[in-house]
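Residue strings, one per chain:
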Amino acid sequence: MYGRDPWGGALEINATDSATDDDRSRNLQDFDKAALSRNLDETQQSWLLGPTEQKKKKYVDLGCIIVSRKVFKWTLGCIIAAALIAGLVTLIVKTVPKHRQRSPPPDNYTLALRKALMFFNAQRSGKLPKHNNVSWRGSSGMQDGKSDDSTMFKNLVGGYYDAGDAIKFNFPQSFALTMLSWSVIEYSAKYEAAGELSHVKDIIKWGTDYLLKTFNSSADTIDRIVAQVGKGDTSGGPDPNDHYCWVRPEDIDYPRPVTECHSCSDLAAEMAAALASASIVFKDNKVYSQKLVHGARTLFKFSREQRGRYSSDNEAAIFYNSTSYWDEFVWGASWLYYATGNTSYLQLATTPGIAKHAGAFWGGPDYGVLSWDNKLTGSQVLLSRLRLFLSPGYPYEDILSTFHNQTGIIMCSFLPYFSSFNRTKGGLIQLNHGRPQPLQYVVNAAFLATLYSDYLAAADTPGWYCGPNFYSTDVLREFAQTQINYILGKNPRKMSYVVGFGNRYPKRVHHRGASIPKNKVKYNCKGGWKWRDSSKNNPNTLVGAMVAGPDKNDGFHDVRTNYNYTEPTLAGNAGLVAALVALSGDKSVGIDKNTIFSAVPPMFPTPPPPPAAWKP
């Protein structure tokens, strides 16, 4: 059957192909071999040969490189397996309970520091905050100022009771605040590590808020300041007063006189030092810091204009007699220079005549002993700091180098190799030459020794000379440690002289509030004597109080009526806190070199910029 081919010619349909496979094979061999000699691409081959089974490629083209398909599969498999294993390990780590390495327990100095600060909470006067954390104390002294018609200062609520009585002495209280502020400025990182920075700043502010009430702090010129609130008559008269009466501060209902002074250079300069040093502590609170600086300026101006000793004509001479005011001039001027950067204060602090009157060029039995009465040693260390780190040079170098050399001599006197001060058989240095209440002087020396050691370390100085012998800074720290360890219990009596620290400590502290139970019974002046004279332990624990201390033979009598052994004070505890924080924590965490200089301008003028490049 034939069909018509549309292009012409015949088209056979359903024609039977009679040729066999062998015939077709022979016919293919008759093709022109030359036409098939050239290489054909895959498409052309498919036209001629029809569909064939394609072989798998042996290589994989990754763009930048060509790798074996086998290697590629193995590599990809390994990556996937590693990812799965890593994910599994991460899941296990996240889900399994963690066993964190415990931080080392706090050292004894840190533990004692936390307790020593609690003493100040127990000494607070005025309206107590809810967080005061001393259960047996309450608000007291709420009529201070108002009950004395002779004074112009009617709001004298607040501040701190000095010791075991209810008197507020501005002189030792101001010194205590200065010492606390100095310790915070130098060792704020250690306070932070101990978790006590906000606590100690709160303690300082409670005191400075009160000091601002004791003079006209908004004025530039004043003619009087408050020296004392309360009366400590020791004559044994029947009139109620803060010495004759043994009552809790919360139960005081008798009038409390206010003592003012009009020529009290020592007190005013010490108060100026307290406010000036605190202004550096609170420098981040600009308004409050400036308020403190203004008050310090006003007080120091008053101290220079109205010359006189604050204790020359009042009963303060019995308790806190000031021997001179020249050391307070150097002390107050030094702190005001750091707080303001005003070089007039530095000029005054480095005036040779003032240094001479302060006792810088002669010895004496108490030379080199820092106390609430004598601040010369503290001033010498404080100004040595300036020379070590800023080196202001002329015209201050003469006195600064003298103070620096004298500081080195004082540090030598603390060492056991020298005979400036005796020691008890137990090792306690006798800075007050065997007189009662030695510990307040010992803690101040321990603080200064540790601080000066840290000064030298920060200045990359390995030690200092005592005559021809060179001593490492480590011996200063060792001296401080032996003295504080003695106070904390490493002594012949195996007794801690800090209440609440250790297993054995004084239980009959000379302290009215601690010795009378909080039983809602109000005792009159004589009614409280039974608690004073009792041989029983105090019903309330005065945590952190450092008592007056042992005698020159390492002896101690835990008797409430003997204040030479068992009475704590603000000034003593401030020195204890400063020494403890200096020794606490990691030795590698030294002082804060820069904060104290935050208000001090550059010592030398900034050099002019280089001239512009010459252009033709």
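For the protein chain, an unreviewed UniProt entry supplies the name Endoglucanase and the organism Nicotiana attenuata. In the Sequence similarities (unreviewed entry) part of its UniProt record, the protein chain is described as follows: "Belongs to the glycosyl hydrolase 9 (cellulase E) family." Check the Catalytic activity (unreviewed entry) section of the UniProt entry for the protein chain; it says "Endohydrolysis of (1->4)-beta-D-glucosidic linkages in cellulose, lichenin and cereal beta-D-glucans."

(A) Structural detail: the overall build of the protein chain. If you tally the helices and strands in the protein chain, you get 20 helices and 9 strands. Classification of the 616 residues of the protein chain by burial places 51% in the buried group. Accessible surface, the protein chain: about 31,000 Å² in total, of which carbon and sulfur atoms supply 54%.

(B) Looking closely at the pattern of salt bridges. Taken as a whole and judged by the stated rule, the model has 20 salt bridges. In this structure, R224 engages E260 in a salt bridge whose closest nitrogen and oxygen atoms are separated by 3.5 Å. Of the two residues, R224 is situated in the loop between α6 (197–211) and β6 (225–229) and E260 in strand β7 (residues 258–261); the sequence distance between them amounts to 36 residues. What makes R224 partly exposed here is its relative accessible area of 24%. The shortest N-O distance in the salt bridge between D533 and R532 comes to 2.9 Å. A relative accessible area of 46% places D533 in the partly exposed class.

(C) Structural view of the state of the cysteines. Applying the stated criterion to the full structure yields 3 disulfides. Note on cysteine connectivity: C261 is disulfide-linked to C264, with sulfurs 2.1 Å apart. Its torsion about the S-S bond being 75°, the disulfide of C261 and C264 is classed as right-handed. Taking relative accessible area as the criterion, C261 reaches 6% and is therefore assigned buried. In this model, C412 is linked to C466 through a disulfide, with the two sulfur atoms separated by 1.9 Å. One disulfide, between C412 and C466, carries an S-S torsion of -95° and so falls in the left-handed class. On the criterion of sequence distance, the pair formed by C412 in helix α14 (residues 397–414) and C466 in strand β8 (residues 463–466) is long-range, its members being 54 residues apart. When sorted by exposure, C412 lands in the same class as C466, which is buried. For the protein chain, the disulfide bridges join cysteines in the arrangement 1-6, 2-3, 4-5, where the cysteines are counted in sequence order.

(D) Focus on the confidence of the model for the protein chain. Overall, the prediction assigns the protein chain a mean pLDDT of 88, with 86% of residues at 70 or greater. Long-range and interchain partners of residues 1–21, a stretch whose pLDDT sits below 50, account for 15 contacts in this model, where long-range means more than four residues apart. Contacts of residues 50–55 to residues separated by more than four positions or lying in other chains number 1 contact, the stretch itself having pLDDT below 50.

(E) Representation of a nonpolar patch on the surface. Where nonpolar side chains cluster on the molecular surface, the patch consists of L76, I80 and L84 and spans about 300 Å² of accessible area. Within the secondary structure layout, L76 lies in helix α3 (residues 69–95).

(F) Region of the structure containing the pairing of β6. Taken across its 5 residues, β6 has 5 buried, putting it largely inside the fold. Summarising the sheet, strand β5 (residues 168–169) and β6 pair through 2 bridges and their orientation is antiparallel. Counted as the bridge partner of F169 is Q228 from β6. Pairing analysis gives 4 bridges linking β6 to β7, with the strands arranged antiparallel. If you follow Q228 over to β7, its bridge partner there is T259.

(G) Representation of the packing of aromatic side chains within the structure. Taken as a whole and judged by the stated rule, the model has 31 aromatic pairs. The interplanar angle of 45° and the centroid separation of 4.8 Å between the aromatic rings of F171 and Y310 together place this pair among those described as tilted. With F171 in helix α5 (residues 170–194) and Y310 in the loop between α8 (286–305) and α9 (316–320), this residue pair connects regions lying 139 residues apart in the sequence. The same class applies to F171 as to Y310, namely buried. Here F282 and Y288 contribute two aromatic rings whose centre-to-centre distance is 5.5 Å and whose plane-to-plane angle is 85°, an arrangement assigned as edge-to-face. Grouping residues by exposure puts F282 and Y288 together as buried. Cluster of aromatic residues (ring-pair linked, three or more members): W182, W331, W335, Y337, Y338, F447 and F597. For K205, the ring lying beneath its charged end belongs to Y288, and the centroid distance is 4.6 Å. Cation over ring: K507 sits above Y505, and NZ or CZ is 5.0 Å from the ring centre.

Conventions adopted
Residues numbered from 1 in each chain as written. Predicted model: local features only at pLDDT ≥ 70, side-chain atom pairs only at ≥ 80, totals over all residues. Heavy atoms only, no water. UniProt positions renumbered as here; feature names shortened; annotations may be inferred. Helix = DSSP H or I, 4+ residues; strand = E, 2+ residues; numbered from the N terminus. Buried < 20%, exposed > 50% of the residue type's maximum accessible area, 1.4 Å probe, protein only. Areas by Shrake-Rupley, 256 points an atom, 1.4 Å probe, with all protein chains shown as cover. Salt bridge = Lys/Arg side-chain N within 4 Å of Asp/Glu carboxyl O. Disulfide = S-S within 2.5 Å. pLDDT = per-residue confidence, 0-100. Contact = heavy atoms within 4.5 Å. Patch = residues over 30% accessible without salt bridge, like charges linked within 9 Å, V, L, I, M, F, W, Y side chains within 5 Å. Pairing = 2+ DSSP bridges. Phe/Tyr/Trp six-rings, centres within 6.5 Å; stacked < 30°, edge-to-face > 60°. Lys NZ or Arg CZ within 6 Å of the ring centre and 35° of its normal.

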